[in-house]
Amino acid sequence: MTSGESMGLKEFVEGGASFSEVVVYLSSHSTSGTMTPLIFLRTLQEELGIPFVEARSLLEYFDPQMRPIADISVIDERGRELLQRRRR
């Protein structure tokens with residue numbers, strides 16, 4: 001991600017985006033064209049300050065291509081706490 005895209009991500013999250021919306025946003029803005037779990041975790045850490053350790057448990061709700069394999073409402077509920085810390 002370029003610095004312009006990272007500012008967009010921060011604004012997106014601070015604007016109240018759900019966790020599933022953040023995943024879609026990151027997938028659509030991936031410079032490699034593919035969102036992988038490692039890229040996802042790295043981006044959360046670098047751009048939003050969310051440590052790997054805190055975010056990795058959410059990966060159980062996605063397949064290796066970061067497509068949801070659980071109900072979106074469950075994903076959003078689990079991810080809300082992580083994103084709320086970023087909004088403060």
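Conventions we followed
Residues numbered from 1 in each chain as written. Predicted model: local features only at pLDDT ≥ 70, side-chain atom pairs only at ≥ 80, totals over all residues. Heavy atoms only, no water. Helix = DSSP H or I, 4+ residues; strand = E, 2+ residues; numbered from the N terminus. Buried < 20%, exposed > 50% of the residue type's maximum accessible area, 1.4 Å probe, protein only. Contact = heavy atoms within 4.5 Å. Areas by Shrake-Rupley, 256 points an atom, 1.4 Å probe, with all protein chains shown as cover. Axes fitted to C-alpha atoms, helices over the stretch in contact; angles between N-to-C directions. Parallel < 35°, antiparallel > 145°, perpendicular 65-115°, else oblique. Nonpolar A, V, L, I, M, F, W, Y, C, P; charged D, E, K, R; others polar. Salt bridge = Lys/Arg side-chain N within 4 Å of Asp/Glu carboxyl O.

J.: For this particular structure, what's the right way to read the overall build of the chain?
T.: The helix and strand inventory of the chain stands at 5 helices and 0 strands. For the chain, with 88 residues in total, the buried portion stands at 34%. Taking the contacts inside the chain whose residues are at least 6 apart along the sequence as the reference set, 54% of them involve residues at least 24 apart. Surface summary for the chain: the accessible area is close to 5000 Å², and the carbon and sulfur share equals 51%.

J.: Just checking my understanding: could you explain the packing of helix α2 (residues 19–29) against helix α3 (residues 37–48) for this structure?
T.: Packed helix pairs are characterised by how far apart their axes lie and by the angle those axes make with each other. At a minimum axis separation of 11 Å, α2 and α3 run at an interaxial angle of 110°. As far as their axial angle goes, α3 and α2 are roughly perpendicular. Along the contact surface, α2 presents Phe 19, Val 22, Val 23 and Leu 26, while α3 presents Phe 40, Thr 43 and Leu 44. Partitioning the contact of α2 with α3 into residue classes produces 6 nonpolar, 1 polar and no charged.

J.: Is there a simple way to think about the pattern of salt bridges in this case?
T.: Pairing between side chains of opposite charge can happen when their charged atoms approach one another. Within this structure, the stated rule accounts for 3 salt bridges. Put simply, Arg 67 and Asp 63 hold a salt bridge, and the shortest N to O gap is 2.9 Å. Among the residues examined, Arg 67 registers a relative accessible area of 48% and is labelled partly exposed. Here Asp 63 falls in the buried class, since its relative accessible area comes to 15%. One salt bridge connects Glu 77 with Arg 80, and the closest N-O pair in it is separated by 2.5 Å. Of this pair, Glu 77 and Arg 80 are both found in helix α5 (residues 72–87), 3 residues apart, which corresponds to roughly one turn of the helix. The exposure class assigned to Glu 77 is partly exposed, which follows from its relative accessible area of 45%.

The analysis is restricted to geometry; functional conclusions fall outside its scope.
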